[in-house]
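Breakdown of the fold
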Protein chains: 2
Amino acid sequence: MIDLNKDQIQELFDFSIASEAIQNAFIASAQNHTQTPPIAQLAFPASQGECCVKTGFIEGTEGFVVKVSTGFYRNPDNGLPSSNGMNLVFCAQTGAPLAILRDEGWLTDIRTGLGGALATKALAKSGFGTVLVIGTGLQARHQARCLQQLTPDRSLSFKIWGRDTAKAHSTAEDLRKHGIDAVSVIDLAEACGAAEVIITCTPSRKPLITSDWIEPGTHITALGADSPGKQELSINLITSAELLICDASSQSLQLGEFQHLPPNSRPICLGHVLNQDHPGRTNDTQITIADLTGLAVQDAAVSLAILRAANLQNTSL
Amino acid sequence: MIDLNKDQIQELFDFSIASEAIQNAFIASAQNHTQTPPIAQLAFPASQGECCVKTGFIEGTEGFVVKVSTGFYRNPDNGLPSSNGMNLVFCAQTGAPLAILRDEGWLTDIRTGLGGALATKALAKSGFGTVLVIGTGLQARHQARCLQQLTPDRSLSFKIWGRDTAKAHSTAEDLRKHGIDAVSVIDLAEACGAAEVIITCTPSRKPLITSDWIEPGTHITALGADSPGKQELSINLITSAELLICDASSQSLQLGEFQHLPPNSRPICLGHVLNQDHPGRTNDTQITIADLTGLAVQDAAVSLAILRAANLQNTSL
């Protein structure tokens, strides 16, 4: 059994392979060629902690994945990171454990970054260049870096907005250190109006942006809402959009941004757009919204990519 | 993080400590002092395989457990065991991984053996001595051994019945090698009539025993039914019993032997009997039935017992 820590995982990680694997996972999910049983969640109010266990399998692949991710929000007070966890890979032929990927949550961060970037690239209007990122955490950085890396022929200009201006400033600074054109902005309404793409990645529980601020042709990728009560976009913005896309409608309508829609809403699966079974955006004036809640099969895809790289390395030694 | 294989786990295992831990887990479960989110299951029909992921936490303990167990029933054709899996323990204060227990399913077998033995000891009539075990697999052996070990002052006489007489014979032989008084029997109806305790542990999908065969005062512990469609006891036997006990009614009524009861049935939680909040059996003529489907908090209890033993060993070195 392969046992890798975070450093070893990062060394084996290949952006192009991972992004293709995740694209294929979205397509397999849209085509119901996946198994994603219920997510298990535990809560530890005394330690401000939570745990989430996701299990997933993409039919036809060599392994299934069980991902344990934890968030304990008092950890930083004791010098520990809030996030932790691991991905476990098991053989789909024998059930034997194949790999323990002790990624401390890094694979989740990167598959979320890649998922957002794939959705944004697929749905933004042609020739888009200005991107507003709302949020200043780790995922804000991943979204910007993954999107730039996924569109290498394009010079994207990122604006970063956060409730805390100092944090927005330092997020932009971090991105510039990685060669990305990024500055922080203060006026959210103005920044929304100037953006061709908006990416939201905050834990907000009330709408941050409203339809009045959004110009025709804007694409929005919403990543923050992942449990009941969370919300980043106003209802009027969602209902004014011409195209609603999600990673999996069962999750999006229950846990995601689209939980605030009428229950008979039927957003389109991202996989159908990526596979060109659905045309996606058809002109440069539509407002489009992609809501991503995160799929267990993204974890499976990225974990299998690491496992294959590790096996290849062992073979070539 | 502690990483133990099956041999190391077996070496650290202490029967009395584990049995007390599992008793406390049943009590905590009955008192709703546990968290047991939905079980995740995957199916691999091409390899006759299945995977089950159970997550559990007993409030007030130091860690929560994620258990991955697999059964791939073509493995023996290739010289591999059908069962595999591991228990993972995480800190309830920080979310950090504490232990990987690569038990290959052994901890599940033993906690199931102990759970059955605890239920049998609590519910059988006073002075019971004759025990019929229906089933010839690994769990039949665990049930007999755990029950004898849990009642050391008693000389139990075990009868073993199976559809395959040769297997019943070899199960009895195995038990005798461990100093247990056991013989195989051929006539199931006759053996039921002569037994004070009956333990069923088969994957049967139709009733094996019926009320006509059962004498007053008999206690039955039913372990086999753990998914829709499985059944070991006839409905008339269940409805004729004076006391129905289960490990967790939500599971028992959906997956266990009591799935065949009317949906408004309310079996008593074993933990209430173990804690003496419920009197359990009140005379030596009642027929009692305990249906056990297996709780994630049993996995948590037995895993924490191993973790504590490992930490103690490290401290004393």
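Residues numbered from 1 in each chain as written. Chains lettered and ligands numbered in written order. Predicted model: local features only at pLDDT ≥ 70, side-chain atom pairs only at ≥ 80, totals over all residues. Heavy atoms only, no water.

1. What to know about the overall build of chain A
When helices and strands are counted, chain A shows 10 helices and 15 strands. In terms of overall dimensions, chain A is globule-like: its C-alpha atoms have a radius of gyration of 19 Å, near the 20 Å expected for 317 residues. For chain A, the C-alpha atoms occupy an extent of roughly 55 × 45 × 45 Å along the three principal directions. Residue burial in chain A is summarised as follows: out of 317 residues, 59% are buried. Looking at chain A alone, contacts between residues at least 24 apart form 68% of all its contacts between residues at least 6 apart. Here chain A contributes 22 positive and 31 negative side-chain charges, whose respective centroids are spaced 4 Å apart. (Helix = DSSP H or I, 4+ residues; strand = E, 2+ residues; numbered from the N terminus. Rg over C-alpha atoms; globule rule 2.2 N^0.38 Å. Buried < 20%, exposed > 50% of the residue type's maximum accessible area, 1.4 Å probe, protein only. Contact = heavy atoms within 4.5 Å. Lys, Arg positive; Asp, Glu negative; His and termini not counted. Charge placed at Lys NZ, Arg CZ, Asp CG, Glu CD.)

2. Some words on the environment of Asp247 of chain B
All names here are of chain B. Within the fold, Asp247 resides in the loop between strand S13 (243-246) and helix H8 (249-254). Residue Asp247 is classed as buried on the basis of its relative accessible area, which comes to 1%. For the pair Asp247 and Asp291, spaced 44 residues apart in the sequence, the C-alpha separation amounts to 6.9 Å. In contact with Asp247, other than residues within four places in its own chain, are Phe26, Ser29, Cys269, Asp291, Leu292, Thr293, Gly294, Leu295 and Gln298. A polar side-chain atom of Asp247 sits 2.7 Å from the main-chain amide nitrogen of Thr293. (Polar contact = N/O pair within 3.5 Å; in protein donor to acceptor, adjacent residues only side chain to side chain.)

3. A closer look at the pairing of strand S8 (residues 130-134) of chain B
All names here are of chain B. S8 sits mainly inside the fold: four of its five residues count as buried. By the bridge criterion, four bridges tie S8 to strand S11 (residues 197-200) in an arrangement that is parallel. From the neighbouring strand, Leu132 faces S11, where its bridge partner is Ile198. (Pairing = 2+ DSSP bridges.)

4. Here we look at the interface of chain A and chain B
Taken together, the contact pairs 36 residues of chain A with 36 residues of chain B. Counting each side, the surface lost to burial between chain A and chain B is near 2800 Å², with a carbon and sulfur contribution of 72%. Where chain A touches chain B, the interface holds zero salt bridges. Counting the contacts that link chain A with chain B gives eight residue pairs in polar contact (both at pLDDT 80 or more). Secondary-structure elements contributing two or more residues to the side of chain A that touches chain B are strand S3 (40-44), strand S4 (49-58), strand S5 (63-72), strand S6 (83-91) and strand S7 (97-102) of chain A. Across the side of chain A that touches chain B, the residue classes break down as 24 nonpolar, 10 polar and two charged. (Buried area = accessible area lost by both parts, 1.4 Å probe. Salt bridge = Lys/Arg side-chain N within 4 Å of Asp/Glu carboxyl O. Nonpolar A, V, L, I, M, F, W, Y, C, P; charged D, E, K, R; others polar.)

5. Notes on the side chain of Arg111 of chain A
All names here are of chain A. In this fold, Arg111 is placed in helix H3 (residues 106-123). Side-chain polar atoms of Arg111 contact the side chain of Asp299, separated by 2.8 Å. Not counting residues within four places of it along the chain, the set of residues in contact with Arg111 comprises Ile22, Lys54, Lys67, Gly294, Leu295, Gln298, Asp299 and Val302.

6. Description of the environment of Phe26 of chain B
All names here are of chain B. Examined against the element boundaries, Phe26 turns out to sit in helix H2 (residues 15-30). The spacing of Phe26 and Leu274 is 248 residues in sequence and 7.8 Å in space, taken between C-alpha atoms. Among residues more than four places away in sequence, those in contact with Phe26 are Gly115, Leu118, Asp247, Leu270, Gly271, Leu274, Leu295 and Gln298.

7. Focus: the packing of aromatic side chains
With the rule as written, the count across this model stands at 10 aromatic pairs over all chains. Relative to Phe90 of chain A, the ring of Phe64 of chain A lies with its centre 5.4 Å away and its plane at 15°, an arrangement referred to as stacked. Of the two residues, Phe64 of chain A is situated in strand S5 and Phe90 of chain A in strand S6; the sequence distance between them amounts to 26 residues. Accessibility classification places Phe64 of chain A together with Phe90 of chain A in one group, the buried group. Cluster of aromatic residues (ring-pair linked, three or more members): Phe44 and Phe72 of chain A together with Phe57, Phe64 and Phe90 of chain B. (Phe/Tyr/Trp six-rings, centres within 6.5 Å; stacked < 30°, edge-to-face > 60°.)

8. Some details on the relation of the copies chain A and chain B
Superposing chain A onto chain B takes a rotation of 180° plus a shift of 0.0 Å along the axis, which leaves an RMSD of 0.0 Å. Both copies of the chain, as the preceding transformation shows, are related through a two-fold rotation axis. Judged by C-alpha distance, Pro38 of chain A is the residue of chain A that lies nearest the rotation axis, at 3.2 Å. Counting the interface residues of chain A, we find that 100% of their copies in chain B are interface residues as well, pointing to one common contact surface. (Least-squares fit on C-alpha atoms with pLDDT ≥ 70 in both.)

9. Description of H2 of chain B
All names here are of chain B. The end-to-end C-alpha distance of H2, which contains 16 residues, comes to 23 Å, matching closely the 22 Å that a straight helix rising 1.5 Å per residue would cover. Residues Phe15, Ala18, Ser19, Ala21, Ile22, Ala25, Phe26, Ile27, Ala28, Ser29 and Ala30 constitute the buried set of H2. Measuring from the side-chain oxygen of the N-cap residue of H2 to the backbone nitrogen of Ser16 gives 3.1 Å; that N-cap residue is Asp14. One or two steps after H2, the chain reaches Asn32, where phi turns positive at roughly 60°. (Expected span 1.5 Å × (residues − 1).)

10. Comments concerning the domain arrangement of chain A
Residue and element names in this part refer to chain A. Domain annotation for chain A reports domain 1 (2-107 + 297-316) and domain 2 (109-295). Centre-to-centre, using C-alpha coordinates, domain 1 lies 23 Å away from domain 2. Contacts between the two partners involve 21 residues from domain 1, matched on the other side by 23 residues from domain 2. Buried surface at the junction of domain 1 and domain 2, summed over both partners, amounts to about 2000 Å²; 64% is from carbon and sulfur atoms. Sorting the residues of domain 1 by area buried against domain 2 places Phe15, Phe26 and Gln298 first, and these three jointly supply 33% of that buried surface. Inspection of the region where domain 1 meets domain 2 yields one salt bridge. Note that Asp299 and Arg111 form a salt bridge whose closest N and O atoms lie 2.8 Å from each other. (Domains from an automatic or database assignment.)

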